[in-house]
Amino acid sequence: MPIDNEVYDRLGAGWWDEDNPLNMLHGSCTPGRMAYFRDVLGRRGTAGGRTLDIGCGAGFITEELAGLGFTATGIDPSSVAIEAARAHATQGRLAIEYVVGVGEQLPFPDAAFDLVTCCDVLEHVRDLDRVVAETARVLRPGGLYLFDTINRTRLSRLLAIRAMQEWRLTRIVDTSIHEWSMFITPEELEATLDRHGLELGELAGLAPRASWPTIVGALRATRRGRIGYGELSRRLDFGRVESLALSYMGFAVRRG
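Residues numbered from 1 in each chain as written. Predicted model: local features only at pLDDT ≥ 70, side-chain atom pairs only at ≥ 80, totals over all residues. Heavy atoms only, no water.

## Topic: the overall build of the chain
This is how the line gets drawn: Under the DSSP-based scheme used, a helix requires at least four consecutive residues in state H or I and a strand at least two consecutive residues in state E, with every element numbered from the N terminus. Think of it in three bands: residues with accessible area under 20% of the maximum for their type are buried, residues over 50% are exposed, and the middle band is partly exposed, with areas taken using a 1.4 Å probe on protein chains only. To be clear on the numbers: accessible area is Shrake-Rupley with a 1.4 Å probe, and residue cover counts the displayed protein chains and nothing else. Charged-residue counts in this description rest on Lys and Arg as positive and Asp and Glu as negative, His and the chain ends being excluded. One atom stands in for each charge, and that atom is NZ of Lys, CZ of Arg, CG of Asp or CD of Glu.
The helix and strand tally for the chain stands at 9 helices and 8 strands. In terms of its C-alpha atoms, the chain occupies a principal-axis envelope of roughly 50 × 40 × 35 Å. Split into buried and exposed, the 256 residues of the chain put 56% on the buried side. Surface exposure of the chain reaches about 11100 Å², of which carbon and sulfur atoms provide 50%. Each charge class in the chain was averaged separately, 29 positive and 34 negative side chains, and the resulting centres sit 5 Å apart.

Written out as structure tokens, the structure is:
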């Protein structure tokens, strides 16, 4: 079943609402990603400068980067999500630029950014090669690319497809938000990065750290309306793991 990317327009106004399915990307996913990203930034000695968050949604990661002292820009194809991002940034008195646009055609000059991030996006795009090419174009030589995506494995089919979007008792939303064939293996992503002058630094697993009974129980409790999606995310406890079998995050550096 094709991905329903229009869900981000239908639900995008409520990204920051814990009762919104899209908020699952925030509860523990944002802290889990940012713990790893902060570690990479520290090891690489990257502090400040201009950063671009591709597929920013309502600004979960963008706001974190602004809080770290970066001059932050977010871009997303959903105008609804961008309006939600702008409103939330205004409430938090954060000076973030938000732009409606797509990763395949970024409206920025060459080498404009010191850091580019791309979270929960690459497995949604139809032209991965073009998105990575555009990412490399707007990143300065020596600049850092932080990303995560879902691996194409039996485990990802079971959890991300079967449990989270197909099985009636556990699915988180009644539409297709992922397509298994569009998931990306680490080898495929590394080859794509290399073609466009991005040298892979490392990969780390990203997955729920809760036990399987806890995962299933939390999904069922959410389905029955007993807990919200933010609480679901916290109970799943997304974060860094050793295995890349479900999803993975990492960094690459723009070659000069």
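## As for the packing of helix α2 (residues 29–44) against helix α3 (residues 60–67)
Put simply, the rule reads: Working convention: axes come from line fits to C-alpha atoms, limited for helices to the stretch in contact. Angles between N-to-C directions cover 0 to 180 degrees. Each angle receives one of four descriptions, namely roughly parallel if under 35 degrees, roughly antiparallel if over 145, roughly perpendicular if within 65 to 115, and oblique otherwise. Take the far helix as your reference; a near helix turned counterclockwise from it by less than a right angle gives a left-handed crossing, and one turned clockwise gives a right-handed crossing. The contact rule is simple, with two residues in contact once any of their heavy atoms fall within 4.5 Å. Residue classes follow a fixed rule: Ala, Val, Leu, Ile, Met, Phe, Trp, Tyr, Cys and Pro count as nonpolar, while Asp, Glu, Lys and Arg count as charged, and any other residue, Gly among them, counts as polar.
Following both chains from N to C, one finds α2 and α3 inclined at 40 degrees, their axes separated by 11 Å at the closest point. In terms of orientation, α2 lies oblique with respect to α3. Remark: the crossing between α2 and α3 carries right-handed chirality. Counting all contacts with α2, which are made through Thr30, Arg33, Met34 and Arg38, the residues of α3 involved are Phe60, Ile61, Glu64 and Leu65. A per-class count over the contact of α2 with α3 returns 4 nonpolar, 1 polar and 3 charged.

## Here's the deal with the environment of Asp120
By the element assignment, Asp120 lies in the loop between β4 (113–118) and α5 (128–138). What makes Asp120 buried here is its relative accessible area of 15%. For the pair formed by Asp120 and Gly57, sequence separation is 63 residues and the distance between their alpha carbons is 9.7 Å. Sequence-distant contacts of Asp120, defined by excluding residues within four places in its chain, comprise Leu25, Arg33, Asp148 and His178.

## Some remarks on the side chain of Ser28
As a reminder of what qualifies: Counted as a polar contact is a pair of N or O atoms within 3.5 Å, where, for protein atoms, one must be capable of donating a hydrogen and the other of accepting one, and residues adjacent in sequence contribute only when both atoms are in side chains.
Looking at the element boundaries, Ser28 is found in the loop between α1 (7–10) and α2. For Ser28, the side chain forms a polar contact with the main-chain oxygen of Ser233, separated by 2.5 Å.

## Here's the deal with the pairing of strand β8 (residues 247–254)
Put simply, the rule reads: Strands qualify as paired when DSSP identifies two bridges or more between them.
Of all 8 residues that make up β8, 7 are buried, and the element is covered over most of its length. Pairing between strand β5 (residues 139–150) and β8: 7 bridges, direction antiparallel. Within β8, the residue paired with Ile150 across the bridge is Ser247.

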